[in-house]
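# Survey of secondary and tertiary structure
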Amino acid sequence: MSETTATRPAGERRTGRHVVRALVVTYVTVLVVLPVGVLVWRAFAPGLGAFVDAVADPLSVHAFQMTAEVALIAVALTTVFGTIAAFLIARSGLPGMRVLDALLGLPVSVSPIVVGLALILVYGSTGWFGGALASAGIQVILSVPGMVLATMFVSMPLVTRAIVPVLVARGTDQEQAAESLGASAPVRFWRITLPGIRTALVTGVVLALARSIGEYGAVLVVSGNIQGQTETATLRVDTLYQTLLQPDAAYAVTFVLVAVAILTIVATSLLRRSQGGTR
């Protein structure tokens, strides 16, 4: 009797784990595996030649180049300012840091289209600074600077939120010890702080890059989606599918974006595993 009582909870736990596992597998299959699988099939269904023609189309190539340009500039700036924001939140102790931390959550709770409209109100031709910038020969809206600003808004929290928990967990003991030995602030950062947050920083940067490549709403508003000028890859997909009625070409361009996203996820996973194995 005691053996039956002892084994029943274990059996129930195993059944519960199997049920949860089946639910998770079903969830991932329905929402991720099936759509991606159908996308891959539709991208190559017309044949490899049609796929290559769609991807190698001059307008598509320009869209990929524009995506890379905007994403790389945005991620470079996001890495700098996101790291600074993380240090302010975790280490400065200044008033208002909770407000800053809360503001970094806006990209999650606010539609990127709202961000684009806000940028137009500030930097557009009739915006607060638009006239002065135009007089200086600087165009923000309908150009790369506006697209970069919009992309930075949605990607910066990924860098900051990856670094802050690591800074809080590490504390300041090592930096204080180095300071007591005469190490300057740059030396403390490069030799102590940066190695400690390296994994979190690289993870945040990779995720920010993936987010930047896939941004649509905010970039759509501030860029004007001008073919051959301000059209990114995500906007190119919309143009091909909705305007030009070329779904096969749209699937081909989308496949490239999905492939880049998958490679990004794999790279992040391998990075975390390698760093975990060296500790």
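This part covers helix α10 (residues 185-214). The terminal C-alpha atoms of α10, which comprises 30 residues, lie only 37 Å apart, well short of the 44 Å expected from a rise of 1.5 Å per residue. A bend of about 55° at Arg 198 is the largest found in α10.

Further remarks concern the pattern of salt bridges. Summed over all chains, the structure comprises four salt bridges. In this structure, the salt-bridge partner of Asp 57 is Arg 236, at a minimum N-O distance of 3.4 Å. Placement of Asp 57 in the loop between α2 (48-56) and α3 (58-92) and of Arg 236 in helix α12 (residues 233-243) is noted, with a sequence separation of 179 residues between them. For Arg 236, the salt bridge identified is with Glu 231, shortest N-O distance 3.6 Å. The exposure classification of Arg 236 matches that of Glu 231, with both residues buried.

Among the residues of α12, those classed as buried are Ala 233, Thr 234, Leu 235, Arg 236, Val 237, Thr 239 and Leu 240. Positive backbone phi, approximately 55°, marks Leu 245, located one or two places after α12.

Contact geometry for helix α6 (residues 112-123) and helix α8 (residues 144-170): axes closest at 10 Å, N-to-C directions at 135°. Considering their axes alone, α6 and α8 lie oblique with respect to each other. For the pair α6 and α8, the sense of crossing is right-handed. Contacts between α6 and α8 pair Pro 112, Val 115, Leu 119 and Tyr 123 from the former with Gly 146, Leu 149, Ala 150, Phe 153 and Val 154 from the latter. Across the contact of α6 with α8, the residue classes tally to eight nonpolar, one polar and no charged.

Below, the discussion takes up the environment of Ser 92. On the secondary structure map, Ser 92 appears in helix α3. A residue is classified by how much of its surface remains accessible, and Ser 92, at 30% relative accessible area, is partly exposed. Residues in contact with Ser 92, not counting those within four places in the same chain, are Phe 87 and Met 97.

Here Asn 225, not a glycine, exhibits a phi torsion of approximately 50°, which is positive. In this fold, Asn 225 is placed in the loop between α11 (217-223) and α12. For Leu 245, which is not a glycine, the phi torsion comes out positive at approximately 55°. According to the relative accessible area criterion, Leu 245 is exposed, its value standing at 64%.

Below, the discussion takes up the packing of aromatic side chains. All chains considered together, the criterion is met by seven aromatic pairs. Judged by centre distance (6.3 Å) and plane angle (40°), the rings of Tyr 123 and Phe 129 are tilted. Phe 129 gets classed as partly exposed once you look at its relative accessible area, which sits at 45%. Grouping aromatic residues by their ring pairs yields a cluster made of Phe 44, Phe 51 and Phe 255.

Reading the values: the criteria
- Residues numbered from 1 in each chain as written.
- Predicted model: local features only at pLDDT ≥ 70, side-chain atom pairs only at ≥ 80, totals over all residues.
- Heavy atoms only, no water.
- Helix = DSSP H or I, 4+ residues; strand = E, 2+ residues; numbered from the N terminus.
- Expected span 1.5 Å × (residues − 1).
- Bend = angle between axes of the 7 residues up to and from the residue.
- Salt bridge = Lys/Arg side-chain N within 4 Å of Asp/Glu carboxyl O.
- Buried < 20%, exposed > 50% of the residue type's maximum accessible area, 1.4 Å probe, protein only.
- Axes fitted to C-alpha atoms, helices over the stretch in contact; angles between N-to-C directions.
- Parallel < 35°, antiparallel > 145°, perpendicular 65-115°, else oblique.
- Left-handed = near helix turned anticlockwise from the far one by under 90°.
- Contact = heavy atoms within 4.5 Å.
- Nonpolar A, V, L, I, M, F, W, Y, C, P; charged D, E, K, R; others polar.
- Phe/Tyr/Trp six-rings, centres within 6.5 Å; stacked < 30°, edge-to-face > 60°.

Honestly, that's just the spatial picture; any functional story needs more than this.
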